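The primary structure of each chain is shown beneath.
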Amino acid sequence: MVELFGTSCSISAKEFNVTASGTMAHSWIQSFDSEYEAFKAYAEIYPNGCTFLIDTYNTLESGLPNAIKVFNEVLVPKGIRPVAVRLDSGDLAYLSKEVRKRLDESGFSDCKICVTNSLDERLISSLFEQNAKIDLFGVGENLITAKSDPVFGGVYKLVAIEKNNTIIPKIKISENVVKVTNPSFKKLYRFYSKETNTAIADLVTLHDEEILEGEYTIFDPENTWRRKILKNYYVKELQTKIFDNGNLIYKSPSLKEIAEYSKHDLDSFWDEIKRIDNPHKYFVDLSQNLWNLKQELLNK
């Protein structure tokens, strides 16, 4: 499956150097006297980027036949192949299979099928399970909005102060265990398996701790009897300094570089962790030194 990143927002394309892409709106088609005329006009204006929205009236009885007619009348004589057809409503799995069959029968097996319509990860997974014949997913509203949890929870808590060049750790205590903070300035490391290059676990340490290769024991900070001895691993420090004494010392990557980095990073996690339903838990543990400090402050 080919992954494409783009935006239908012109200002976003300009400001963030993201590929501008899109097809047509239902209103474009409705503004013409017929669907055929709308497709024909579009093909004449954008012959090298022809993606027709075929569900304005009737996908199989009107939209697809008109699209194929325009492909043959406008594009083929110019030696141009259509890019795709788009489905934006209806039973996407069933329609995609029928559209794929009829496109292939008409000589357009290279024409892609794109689907939109409030897609999210669960619907996309379901379409894959149904063997839908879909090449491209246009995901918009459910990618840029948080319908399930529109409030992002975040709080500020003091973890340390510096006095006479000495870091003094601080902790907040609560009857709600999850609100008990981890004290002091910290570093964050990630362990990777040398055999598979997959992430094993993350480790939060005190700011002056160095994790070296060799042998290291990680443990669950709540159920401390749950321990694992790591041997054949390499470690990566995850934090990068952005400001130093108020000065910016970091070069911000482009949006494409961020996307590529994120994809590469996600590839290092097991599929069992990334699956939508009942994923395996990925562990973020505390170093022994940090855990000891936390217990010491709690006991005080």
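Everything below is about the structure shown above.
Residues numbered from 1 in each chain as written. Predicted model: local features only at pLDDT ≥ 70, side-chain atom pairs only at ≥ 80, totals over all residues. Heavy atoms only, no water.

J.: Is there a simple way to explain the overall build of the protein in this structure?
T.: Scanning the protein for helices and strands turns up 10 helices and 14 strands. Partitioning the contacts of the protein with sequence separation of at least 6, the portion at a separation of at least 24 is 55%. Accessible surface computed for the protein: about 19500 Å², of which carbon and sulfur atoms make up 52%. Charge centroids of the protein, computed over 37 positive and 43 negative side chains, lie 4 Å from each other. (Helix = DSSP H or I, 4+ residues; strand = E, 2+ residues; numbered from the N terminus. Contact = heavy atoms within 4.5 Å. Areas by Shrake-Rupley, 256 points an atom, 1.4 Å probe, with all protein chains shown as cover. Lys, Arg positive; Asp, Glu negative; His and termini not counted. Charge placed at Lys NZ, Arg CZ, Asp CG, Glu CD.)

J.: Got a minute to help me understand helix α5 (residues 92–105) in this structure?
T.: For an α-helix the count is 3.6 residues per turn, leaving residues at separations of three or four pointing the same way. Compared with the 20 Å implied by 1.5 Å per residue over 14 residues, the 20 Å span of α5 between its first and last C-alpha is a close match. Residues of α5 that are buried sit in contact with α4 (59–75), β2 (84–87), β3 (112–115) and α6 (121–129). (Expected span 1.5 Å × (residues − 1).)

J.: Explanation requested: the sheet that holds strand β4 (residues 136–137) in the structure shown.
T.: Pairing between the strands of a sheet is mediated by backbone hydrogen bonds and can be parallel or antiparallel. Spatially, 4 strands are ordered β1-β2-β3-β4 in an open sheet, and the strand pairing comes out parallel. This sheet does not close on itself; its edge strands, each paired only once, are β1 (51–53) and β4. Pairing geometry for β1 and β2, over 3 bridges, is parallel. Bridge pairing links F52 to V85 in β2. (Pairing = 2+ DSSP bridges.)

J.: Even after reading the chapter, I still don't get the sheet that holds strand β8 (residues 199–206), so can you show me in this structure?
T.: In space, the 4 strands of this open sheet follow the order β11-β7-β8-β14, with mixed pairing throughout. Only two strands of the sheet have a single neighbouring strand rather than two, namely β11 (233–237) and β14 (284–286). Averaged over all adjacent pairs, the angle separating strand axes in this sheet is 30°, with direction ignored. Summarising the sheet, strand β7 (residues 186–193) and β11 pair through 5 bridges and their orientation is antiparallel. (Axes fitted to C-alpha atoms, helices over the stretch in contact; angles between N-to-C directions.)

J.: Whenever I open this one, the side chain of T59 confuses me. Can you help?
T.: Considering the arrangement of structural elements, one finds T59 in helix α4. When near neighbours in sequence (up to four residues on either side) are disregarded, T59 contacts I54, L64, P65, L87, L95 and V99.

J.: Is there a simple way to explain the nonpolar core in this structure?
T.: In terms of nonpolar packing, the biggest core is built from 36 residues, with F52, I54, F71, V85, V99 and L103 touching the most fellow members. At the level of secondary structure, the elements contributing two or more residues to this core comprise α3 (35–45), β1, α4, β2, α5, β3 and α6. With 8 residues, the single largest contributor to this core is α4. F52 has contacts with M24, F39, Y42, A43, A67, V70, F71, A84, V85 and R86, leaving out every residue within four places of it along the chain. Among the nonpolar cores identified, the runner-up in size contains 9 residues, and Y189, A201, L203 and Y216 belong to it. (Core = buried A, V, L, I, M, F, W, Y, C linked by side-chain atoms within 4.5 Å. Buried < 20%, exposed > 50% of the residue type's maximum accessible area, 1.4 Å probe, protein only.)

J.: Which parts of the structure should I look at to understand the pattern of salt bridges?
T.: In a structure, side chains of opposite charge can pair up when their charged atoms sit close to one another. In the structure shown here, the tally under the stated rule is 15 salt bridges. A salt bridge links D104 to R100; its shortest N-O distance comes to 3.1 Å. You can see D104 and its partner R100 sitting in helix α5, 4 residues apart, about one turn around the helix. Given a relative accessible area of 38%, D104 falls into the partly exposed group. With a relative accessible area of 14%, R100 lands in the buried category. Note that K274 and D271 form a salt bridge whose closest N and O atoms lie 3.7 Å from each other. Linking K274 with D271, this pair stays in helix α9 (residues 271–274), spanning 3 residues, or about one helical turn. Among the ionic contacts, a cluster of salt bridges with common partners joins R100, D104 and D135. (Salt bridge = Lys/Arg side-chain N within 4 Å of Asp/Glu carboxyl O.)

J.: Would you mind showing me how to read helix α10 (residues 288–299) here?
T.: For α10, which comprises 12 residues, the first-to-last C-alpha distance of 16 Å matches the rise-based estimate of 16 Å (1.5 Å per residue) to within 8%. Of all the positions in α10, only L290, L293, K294 and L297 are classed as buried. For α10, the arc enclosing every buried residue in end-on projection is 100°, short of the 170-degree limit, so these residues lie on one face. In this structure, the buried residues of α10 make contact with β6 (166–169), β7, β8 and β14. (Arc of directions from axis to C-beta.)

J.: Looking at this structure, I do not really get the packing of aromatic side chains. What am I missing?
T.: In this description, an aromatic ring pair is defined by two values, namely the gap between the centres and the angle between the planes. All chains considered together, the criterion is met by 13 aromatic pairs. For the ring pair F52 and F71, a centre distance of 5.4 Å and an interplane angle of 10° mean the geometry is stacked. Taken together, the residues F52 in strand β1 and F71 in helix α4 connect sequence positions 19 residues apart. You'll find F52 and F71 in the same group, each marked buried. Ring plane angle 35° and centroid distance 5.5 Å describe the contact between F191 and Y216, whose orientation is recorded as tilted. You can see F191 sitting in strand β7 and its partner Y216 sitting in strand β9 (residues 216–219), a full 25 residues away along the chain. Site record: aromatic cluster; members linked through ring pairs are W28, F32, F39, Y42, Y46, F52, F71 and F108. (Phe/Tyr/Trp six-rings, centres within 6.5 Å; stacked < 30°, edge-to-face > 60°.)

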